[in-house]
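Residue-level listing of the chains:
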Amino acid sequence: MEKVVIVTGANSGVGLALCERLLTEDSQLRLCLACRNMQRAQAARSALLTSHNNANIDLLHLDVGSVESVLAAAQEVKARYNRIDFLYLNAGIMPNPQIDFKAFFKGLFSKNVINMFATAEGLLSQQDRLNSDGLQEVFATNLFGHFLLIRELEPLLCGTGDTSRVVWSSSSNARRSAFNIDDMQHSSGTEPYSSSKYAVDLLSLALNRHKNNQGLFSSVICPGLVMTNLTYGILPSFFWTLIMPIMWLIRIFTNTFTLTPYNGAEAQHWLFLQKPESLDPRAKYHSLTSGLGKNYVESRQMDIDDEMSDVLYSNIIELEQEVRSKVSKANTAKYGNRER
Ligand SMILES: NC(=O)C1=CN([C@@H]2O[C@H](COP(=O)(O)OP(=O)(O)OC[C@H]3O[C@@H](n4cnc5c(N)ncnc54)[C@H](OP(=O)(O)O)[C@@H]3O)[C@@H](O)[C@H]2O)C=CC1
Ligand SMILES: CC(C)CCC[C@@H](C)[C@H]1CC[C@H]2C3=C(CC[C@]12C)[C@@]1(C)CCC(=O)[C@@H](C)[C@@H]1CC3
């Protein structure tokens with residue numbers, strides 16, 4: 001039977017490279033590119049079809065940062081497919097990143113230098129804002145929209161008789177100290193990216209606890225530092241190209257500088273080939289590239305605990321209920337009590 005695979009944010013970077021790799025692995029796939037911009041999605045589809053001309057590639061309009069878009073996209077998915085084998089939750093943003101150059105130069109001469117390059121700890125801050133649903137944009141995009149999508153697609157992910165998999169794109173930048181359970185959207189901090197990725201780690205653990213018995217398995221990956229639109233938002237692409245030899249040098253010491261989207265998609269590709277029962281719910285699967293350019297995957301234990309992950313799960317379910325009731329009130333105001 002053909003596998004149904006959905007990839008969010010599939011039109012560029014690691015998501016697009018993953019699609020390419022999955023089609024090379026399994027030419028019978030039914031692959032769905034879930035993107036917010038249909039022109040870019042169409043371009044990605046055309047690019048994939050040039051190397052895989054008989055591939056089954058569908059497009060889906062999905063803005064994970066918008067509740068209305070997630071609900072509409074989920075309806076469309078349920079109309080098109082009767083099960084989902086893999087849901088890659090890859091879309092992500094890091095808006096308005098700022099580098100703390102003072103901390104960078106201080107870090108260069110400290111014994112923590114390798115960790116600094118691998119995790120960017122203490123180097124980056126971002127400016128977040130509220131979106132039109134009244135949610136913090138980074139939280140809404142990197143976490144909540146994807147969670148709502150899973151909830152909407154539960155009939156296709158849970159209890160279909162087969163196992164289904166969700167694979168979250170987290171980061172080695174995820175840090176417990178950037179996350180506050182009393183402010184899960186990170187409305188009053190300066191590290192919304194790190195906070196949202198730490199919340200992803202917690203949520204994946206909770207999903208496994210709540211859904212494994214229904215056949216749904218959740219995993220978390222980090223693609224390493226990859227040259228994509230996300231990193232070109234931190235420093236311009238010409239600068240990254242200029243310092244590429246330095247990056248290859250650093251790779252010898254950290255292995256986390258995967259640098260190309262193809263290398264970055266190693267862990268997502270590897271997970272596609274694994275049996276869900278063999279995976280560790282407390283592990284993050286890292287794409288790594290050695291100094292000699294060899295790709296491999298390493299699982300590392302996440303800094304998470306059951307209690308916090310359970311509290312976050314309940315808080316997010318609560319937020320989901322609030323959001324749903326807002327949507328239903330807005331619909332009643334717009335259409336009256338008529339069936340829609
Ligand atoms: N690059 C890196 O070094 C690292 C990346 N990651 C994670 O990997 C994932 C992929 O990022 P990467 O490939 O690097 O970056 P890109 O910016 O190249 O890709 C991000 C993708 O997500 C899409 N996207 C963003 N916001 C939304 C939205 N609201 N709805 C739907 N799609 C959206 C983008 O679409 P559009 O083209 O329309 O903007 C794009 O296709 C992210 O989750 C990122 O956090 C983790 C660690 C390191
Ligand atoms: C290498 C150069 C000489 C100088 C680059 C300094 C910084 C801009 C980078 C050092 C570590 C990088 C890093 C990220 C962004 C760019 C750096 C801060 C990430 C935060 C990008 C997104 C992620 O999710 C992380 C895994 C990256 C961790 C390392």
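Notes on the structure follow. Since the model is a prediction, treat every value here as computed from it, not as a measurement.

## Some thoughts on the overall build of the protein
No. 1: Scanning the protein from N- to C-terminus turns up 14 helices and 10 strands.
No. 2: Computed over the C-alpha atoms, the radius of gyration of the protein is 20 Å, within 12% of the 20 Å expected from 2.2 N^0.38 for a compact globule of 340 residues.
No. 3: When its C-alpha atoms are laid out on the principal axes, the protein stretches across 65 × 50 × 40 Å.
No. 4: Residue burial in the protein is summarised as follows: out of 340 residues, 44% are buried.

## Re unusual backbone geometry
No. 1: With phi around 65 degrees, N255 is a residue other than glycine that occupies positive phi space.
No. 2: Mapping N255 onto the fold places it in the loop between α11 (244–254) and α12 (261–264).
No. 3: One non-glycine residue with positive phi stands out, namely L259, at about 70 degrees.
No. 4: In this structure, L259 sits in the loop between α11 and α12.

## So, the sheet that holds strand β9 (residues 283–289)
No. 1: Pairing within the open sheet is mixed, and its eight strands lie in the order β3-β2-β1-β4-β7-β8-β9-β10. Every other strand in the sheet has two partners, leaving β3 (56–61) and β10 (295–301) as the edge strands with one partner each. In this sheet, neighbouring strand axes are inclined to one another by 25 degrees on average, regardless of whether the strands run parallel or antiparallel.
No. 2: Inspection of the sheet shows strand β1 (residues 4–8) paired to strand β4 (residues 86–89) by three bridges, in the parallel sense. Bridging across to β4, V5 finds its partner in F86.
No. 3: Running at roughly 170 degrees to β3, helix α2 (residues 38–51) makes contact with β2 (30–35) and β3 of the sheet.

## Considering the site of ligand 1
No. 1: Around ligand 1, the surrounding shell holds 30 residues, and the nearest of these are G9, G13, G65, G92 and T228.
No. 2: Residue assignment for the shell around ligand 1 shows that the elements contributing at least two residues are α1 (13–25) and α9 (229–232).
No. 3: Tallied by class, the residues present in the shell around ligand 1 amount to 11 nonpolar, 16 polar and three charged.

## A few points about the site of ligand 2
No. 1: Residues in contact with ligand 2 amount to 19 residues; listed here are only the nearest, A120, S171, S172, N173 and L225.
No. 2: Only α5 (113–119) and α11 provide two or more residues apiece to the shell around ligand 2.
No. 3: Residue contributions to the shell around ligand 2 peak at three residues, all from α11.
No. 4: Tallied by class, residues from the shell around ligand 2 come to 14 nonpolar, five polar and no charged.

## Some points on the nonpolar core
No. 1: Grouped together as the largest cluster of nonpolar side chains are 87 residues, with contacts concentrated most on V5, V7, C19, L33, A34, A199 and L203.
No. 2: Apart from the residues within four sequence positions on either side, V7 is in contact with G15, L18, C19, L33, A34, Y88 and N90.

## Observations regarding the pairing of strand β7 (residues 164–169)
Looking along a regular strand, one sees the side chains alternate between the two faces of the sheet.
No. 1: Here β7 lies mainly inside the structure; six of its six residues are buried.
No. 2: Both faces of β7 are covered, namely the face carrying S164, V166 and W168 and the face carrying R165, V167 and S169.
No. 3: In the sheet, β4 pairs with β7 via four bridges, with the strands oriented parallel. What sits directly across from Y88, in β7, is V167.

## Concerning the environment of V4
No. 1: If you trace the backbone, V4 turns up in strand β1.
No. 2: Note on V4: 22 C-beta atoms within 10 Å, which makes it buried.
No. 3: With 32 residues separating them along the chain, V4 and R36 place their C-alpha atoms 20 Å apart.
No. 4: When near neighbours in sequence (up to four residues on either side) are disregarded, V4 contacts R30, Y81, R83, I84 and D85.

## As for the packing of α1 against α2
The geometry of a pair of packed helices is captured by two quantities: the angle between their axes and the separation between those axes.
No. 1: Two elements in contact, α1 and α2, have axes separated by 11 Å at closest approach and are oriented at 30 degrees. As judged from the angle between their axes, α1 and α2 are roughly parallel. For α1 against α2, the interelement crossing comes out right-handed. Between α1, through L16, C19, E20 and L23, and α2, the contact on the second element is made entirely by A44, L48 and S51.

The rules behind the values
Residues numbered from 1 in each chain as written. Chains lettered and ligands numbered in written order. Predicted model: local features only at pLDDT ≥ 70, side-chain atom pairs only at ≥ 80, totals over all residues. Helix = DSSP H or I, 4+ residues; strand = E, 2+ residues; numbered from the N terminus. Rg over C-alpha atoms; globule rule 2.2 N^0.38 Å. Buried ≥ 20, exposed ≤ 12 C-beta atoms within 10 Å, placed from the backbone. Pairing = 2+ DSSP bridges. Axes fitted to C-alpha atoms, helices over the stretch in contact; angles between N-to-C directions. Contact = placed C-beta atoms within 7 Å. Near = placed C-beta within 6 Å. Nonpolar A, V, L, I, M, F, W, Y, C, P; charged D, E, K, R; others polar. Core = buried A, V, L, I, M, F, W, Y, C linked by C-beta atoms within 7 Å. Parallel < 35°, antiparallel > 145°, perpendicular 65-115°, else oblique. Left-handed = near helix turned anticlockwise from the far one by under 90°.

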